[in-house]
Amino acid sequence: MIETTHENPITTLPYTPMPAVVTKIITETWDTKTFRAEFTDEALKENFTYEPGQFQQVSVFGVGECTFCLTSSPTRKGYIEFSVKKVGSVTSALHSMTEGGVVGIRAPLGNYLPYHEWKGKNLLFAGGGIGMAPMRALLNFCLDNRDDYGDITTIYGARTPGDLCFKYEYEEWDSKGKLHLTVDAGEDDWKGHVGHVPGYLKELAPSPENTIAITCGPPIMIKFILPEFANLGFKPEQIYTTLEMKMKCGVGKCGRCNIGSKLVCLDGPVFSLAEIDELPPEF
Amino acid sequence: MADKLIGKDKIGDFLKALMSKYTVVAPIERGDAPAEFQEIADGDTPVLDGSKNMMPPKDYLLPRHEVLVKIDMSGGETKVETPLPEDKPRVIMGAWLPDAQGIQVLDRVFLDRKFIDPYYARRRENLALVAVIPAEMRWSWFCGSVDDVDTWKAGVDALMYDLGDKFYVEVNSDKGAALLEGAPMSVVSDVDVAAKDKLWTEFKNTGLLPFAGKALYENLAWDDPVWGEIADKCIACGMCSYMCPTCTCFDIQDETCGNCVERYRCRDTCQFEDFTLMGHGHNPRSTQLPRSRQRLLHKFRYQHEQFGVVGCTGCGRCVELCPVNVDIREVLCRTCAEPMEQAAEN
Amino acid sequence: MIQDTIRQEAKKALESGEVRMVIGWGAGSVPFKTTPVFVDNPQDTDKLIWNPACTNNLAVYLTKLARDGKVGIVAKPCDVRSIVTLIREKQVKRENVFIIGVGCGGVVDATSLQNGDVKLREITSLEWDGGDLLVTTETTKTKLSAAAVLREQCKECDDRTPSVSDVSIGEAVVRASDLKIEIPGLSEDRQKYWAEQFSRCIRCYACRQVCPACYCETCFCDRIEPKWTAKKATTDEAWMFHATRAMHLVGRCISCGECERVCPVGIPAVELARELNAIAKERYGFEAGDPQADKPLLGNYQENDVDPAHHSE
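Note that the structure is predicted; figures quoted are calculated from it, not measured.

Engineer: With reference to specific residues and values, describe the sheet that holds strand S16 (residues 270-272) of chain A.
Structural biologist: All names here are of chain A. Across the sheet, which stays open at both edges, the seven strands sit in the order S11-S10-S9-S8-S12-S13-S16 with mixed pairing between neighbours. Across the chains shown, the open sheet's two edge strands, defined by having one partner strand only, are strand S11 (193-194) and S16. In this sheet, S11 lies alongside strand S10 (residues 178-183) in parallel orientation, the contact comprising two bridges. Its bridge partner lying in S11, Thr 182 is registered against His 193. Packed onto the sheet, helix H6 (residues 219-232) meets strand S8 (122-128), strand S12 (211-216) and strand S13 (239-242) and runs at close to 165 degrees relative to S12.

Encoded structure:
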């Protein structure tokens, strides 16, 4: 028996979750909550580092584990955040949790958005629904390192105004960068844009010049947004996304997240469209 | 160390001596069911000549049920423990050579990638492998078609050839030599060498399929109609995967007992619908066709792309056992062989 | 010859447009095995074969294939019992199945051939010669007794002609009488016997998947909420799976023995259902696969039914 020590065991004991206390729960929408958690191990809490785009395996002990992206920015230290849409047993258990509850965390896992290659470039985020979560890590990271980047533009959409997440950060996103919101169906008091994200992208027509596009959202949005990017002149090398596949181990062993010979948990979850074009059409 | 002979009547003494230094893992008979690799105890008579059906040795290295972590939540504190297997010298005996080679494939997955699997590593690190070439080849073997089997000898510490009343023992490593030190063995004669060579040639040529080399992994096509034909027939059980010496996929589940939780892993297979089914209902492999394709492409193409070796050793278990006679050899002949013939014409 | 007649009948049914497909047995990858084939072109009917290795109960495909439109199926008497059950349980419509019934005196357990002097890889053909199996290789012809090679469930079978069919081919043959199913160890300590069996279970679900009666969209043991059994392959969990499956098969399992045939670790799962069926017959006079019964056993309550809770042995 090995008692887990004060270091992050992910490299040596990759299946061993580290206990963390939920310190804050934000109700984002009717079916989505964002959880802030802090490792109970003080040393780990101090020393834990990660990169925007990486993911984690979150345990509700006794129910199971589920994969979530790290939606917080590594620049904001002492805690990590993940956004949870209630769909299955683990996510339901998380939703019924209260502040002070204990979860298990295995992180950080996977590759990350190669932001260090993007210094001096304009960044364009295009997200739909809960798909904003993985991009929020990089968005806030870049806003915290504002001088390293050119324009930081965000196009974010959801079905209804009530389905938009992270409302409490829009002011920051729009003041330090530029934020364009859209909904599929507005309500009476909705003053913003109405329409799907791909259509809004076409309308806004951002220049591909010196720009990297990061997009994430439901499969149907991705399907329609990629041609719009192409029409605007974006090349596959300029477009990045994070892929979602079912995962159990998160460390390249359990065998279920492969697309061709690539494993989403090890080689991803971040892929450029150029890389995705090389993969078999499995998703 | 020079090759040696060991009489079958001396095997009992040999095992006894071996057990004082090693934990010996060998196939134990279970009536009509396939023998299973277990840690043997005094008085056990394992099947060392490879003559019987047996479960793959992966069942020992990657148990069908293994507790990964124990979580104790009593007393208001959450304690997480990681119960790793004991670190001790082990030897696997009596594995068919293709099964021993299968362990090389497991190594790539569990020891070779960014993360080392600590449970597998504990059993594997201090492990010697003694493989066997039985007196009679199995009808379903096609080892010589998936790889250059001569290269497999380097992966085992010793190789035993069944020559009737004795084994011809080829020692391939220092580990193997240490294992056999002091064993009641005698020197080999030219006749023995000839008998061993004959057996090896027979093994190499058993079930050879009409293609070779690159055709095996390069000619498998994503859109080959054969995947649909397999899927029509396939009843979607997990037997081919669970009995396969190289299929490694697993699931992780929690089990609660009072204030404690045991998180264990158990077998899983790409043939089951829920394997890739996500919580929100989307399944990238929602029908049997992509699932049938996944298993074969993974073994022959993806693993080759990842590791430079194919993930099949030609042990033939799936050939013998498939309930609907989906014969992997036929599938390979169809998908791989045809372009070879074309190549010959050109 | 039976095989020729099967092909002719299949051809007729396909040519006339009565069925869109005929499910039958085709040549296996080796001469001692057969494989399911799905013939949808009259020109391909010579893919259909009939020999002592036609073991698969093809009714397992009906729930999927006979849902929309009519299909033909080549069926042994036991397979017909499965079809009868599927129709009774409203999984398949009678008018959607064209049954090409074949008289049968039992089929062969390929693994039993391994025990003789015959080498499997050398076999070129299998055929019945009266009560014996004639095994031909390139150089030899060997006769093996039916008792030695028949599949376990065929030994006690007295259903030799299909009870329901649209075309009936071949005569009833009795290969060997007085054969008994022998399950060593089962008669002694049953608890111990089954614990040992289930300890070997690897949870591959071949038994369930090959079973025509196991047609649930989601098996109870694959359900997550509630979780009836854990996925791990331990004796207790395997027991839960096999025992529950057996309960679900009372009055429905027609003892084709496919589950036993396909089990890679030799668990005779069919014996559980057989035992329960025997009780159903004794108490309620119900026989699984009997075309005369109009309702399923558990869907047919009679006021004078024996109450199992008060039933005394």
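Engineer: Describe in detail the side chain of Ser 73 of chain A, supporting the description with residues and values.
Structural biologist: Residue and element names in this part refer to chain A. As for its placement among the helices and strands, Ser 73 is situated in the loop between strand S5 (64-69) and strand S6 (80-85). With relative accessibility at 2%, the residue Ser 73 sits in the buried group. Here the side chain of Ser 73 touches Phe 141 through a polar contact of 3.4 Å, landing on its backbone nitrogen. If we ignore the near neighbours within four places in the chain, the residues touching Ser 73 are Tyr 50, Ala 137, Asn 140, Phe 141 and Asp 144.

Engineer: Pulling in residues and values, what's your account of the sheet that holds strand S3 (residues 71-75) of chain C?
Structural biologist: Residue and element names in this part refer to chain C. Pairing is mixed across the open sheet formed by five strands, whose spatial order is S2-S1-S3-S4-S8. The strands lining the two open edges of the sheet, one partner per strand, are strand S2 (34-39) and strand S8 (167-169). With strand direction ignored, the average angle separating the axes of adjacent strands in the sheet is 30 degrees. Two strands pair when backbone bridges link them, and strand S1 (residues 22-27) and S2 are joined in this way by six bridges, in the antiparallel orientation.

Engineer: Could you give me a rundown of the nonpolar core, with the residues and numbers involved?
Structural biologist: Note that soluble globular proteins tend to have their nonpolar side chains buried in a common cluster. Core analysis: the largest hydrophobic core is formed by 233 residues, its most contacted members being Ile 92, Met 93, Phe 203 and Phe 300 of chain B together with Leu 62 and Leu 113 of chain C. Setting aside chain neighbours within four positions, we find Phe 203 of chain B in contact with Leu 97, Pro 98, Ile 133, Met 137, Trp 141, Cys 143, Val 149 and Trp 152 of chain B.

Engineer: Can you explain the pattern of salt bridges? Please cite residues and give values.
Structural biologist: Tallied over the entire structure, the rule returns 55 salt bridges over all chains. Between Asp 150 of chain B and Lys 204 of chain B there is a salt bridge, and its shortest N-O distance comes to 2.7 Å. With a gap of 54 residues between them, Asp 150 of chain B in the loop between helix H5 (143-146) and strand S8 (158-162) and Lys 204 of chain B in helix H7 (residues 190-205) connect regions that are remote in the sequence. According to the relative accessible area criterion, Lys 204 of chain B is partly exposed, its value standing at 31%. Between Glu 258 of chain C and Arg 151 of chain C there is a salt bridge whose closest N-O contact spans 3.1 Å. A residue pair is termed long-range when its members are at least 10 positions apart, and Glu 258 of chain C in helix H10 (residues 258-262) and Arg 151 of chain C in the loop between helix H5 (146-149) and helix H6 (152-155) qualify at 107 residues.

Engineer: Explain the interface of chain A and chain B to me, and be specific about the residues and the numbers.
Structural biologist: Of the residues lining the interface, 43 residues belong to chain A; the matching set on chain B comes to 49 residues. When chain A packs against chain B, the two sides together hide about 3900 Å² of surface, and 58% of this comes from carbon and sulfur. Sorting the residues of chain A by area buried against chain B places Tyr 15, Lys 253 and Glu 282 of chain A first, and these three jointly supply 18% of that buried surface. Counting the contacts that link chain A with chain B gives four salt bridges.

Engineer: Give me the lowdown on the packing of aromatic side chains, citing residues and values where you can.
Structural biologist: Tallying each qualifying case throughout the model produces 30 aromatic pairs over all chains. With a centroid separation of 5.7 Å and 50 degrees between ring planes, the pair formed by Tyr 15 of chain A and Tyr 119 of chain B is classed as tilted. With Tyr 15 of chain A in the loop between strand S1 (2-3) and strand S2 (18-27) and Tyr 119 of chain B in helix H4 (residues 118-125), the pair connects residues from two separate chains. An identical accessibility class is assigned to Tyr 15 of chain A and Tyr 119 of chain B; each is buried. Centroid distance Phe 272 of chain B to Tyr 205 of chain C: 5.8 Å. Interplanar angle 40 degrees. Geometry classified as tilted. Of this pair, Phe 272 of chain B sits in the loop between strand S12 (260-267) and helix H11 (288-307) while Tyr 205 of chain C sits in the loop between helix H7 (190-199) and helix H8 (206-209), which puts the two residues in different chains. Across this residue pair, the class does not change: Phe 272 of chain B and Tyr 205 of chain C are buried. An aromatic cluster is built from Trp 96, Trp 141, Tyr 161, Tyr 168, Trp 200 and Phe 203 of chain B, whose rings are joined through pairwise contacts. Between the NZ or CZ atom of Lys 153 of chain B and the centre of the ring of Trp 200 of chain B, over which it lies, the distance is 4.2 Å. In this arrangement the basic side chain of Lys 232 of chain C is found over the ring face of Tyr 264 of chain B, its NZ or CZ atom lying 5.2 Å from the centre.

Engineer: I'd like a rundown of the interface of chain C and chain B, residues and numbers included.
Structural biologist: Of the residues lining the interface, 36 residues belong to chain C; the matching set on chain B comes to 40 residues. Interface area, chain C with chain B, both sides summed: about 3100 Å², of which 54% is carbon and sulfur. On the chain C side of the interface with chain B, the three residues burying the most area are Arg 121, Lys 231 and Lys 232 of chain C, jointly 21% of the side's total. At the boundary of chain C and chain B, one finds four salt bridges. Here Lys 231 of chain C and Asp 251 of chain B are joined by a salt bridge, their closest N and O atoms 2.8 Å apart. Seen at the junction of chain C and chain B, the total is 18 residue pairs in polar contact (both at pLDDT 80 or more).

The rules we used
- Residues numbered from 1 in each chain as written.
- Chains lettered and ligands numbered in written order.
- Predicted model: local features only at pLDDT ≥ 70, side-chain atom pairs only at ≥ 80, totals over all residues.
- Heavy atoms only, no water.
- Pairing = 2+ DSSP bridges.
- Helix = DSSP H or I, 4+ residues; strand = E, 2+ residues; numbered from the N terminus.
- Contact = heavy atoms within 4.5 Å.
- Axes fitted to C-alpha atoms, helices over the stretch in contact; angles between N-to-C directions.
- Buried < 20%, exposed > 50% of the residue type's maximum accessible area, 1.4 Å probe, protein only.
- Polar contact = N/O pair within 3.5 Å; in protein donor to acceptor, adjacent residues only side chain to side chain.
- Core = buried A, V, L, I, M, F, W, Y, C linked by side-chain atoms within 4.5 Å.
- Salt bridge = Lys/Arg side-chain N within 4 Å of Asp/Glu carboxyl O.
- Buried area = accessible area lost by both parts, 1.4 Å probe.
- Phe/Tyr/Trp six-rings, centres within 6.5 Å; stacked < 30°, edge-to-face > 60°.
- Lys NZ or Arg CZ within 6 Å of the ring centre and 35° of its normal.

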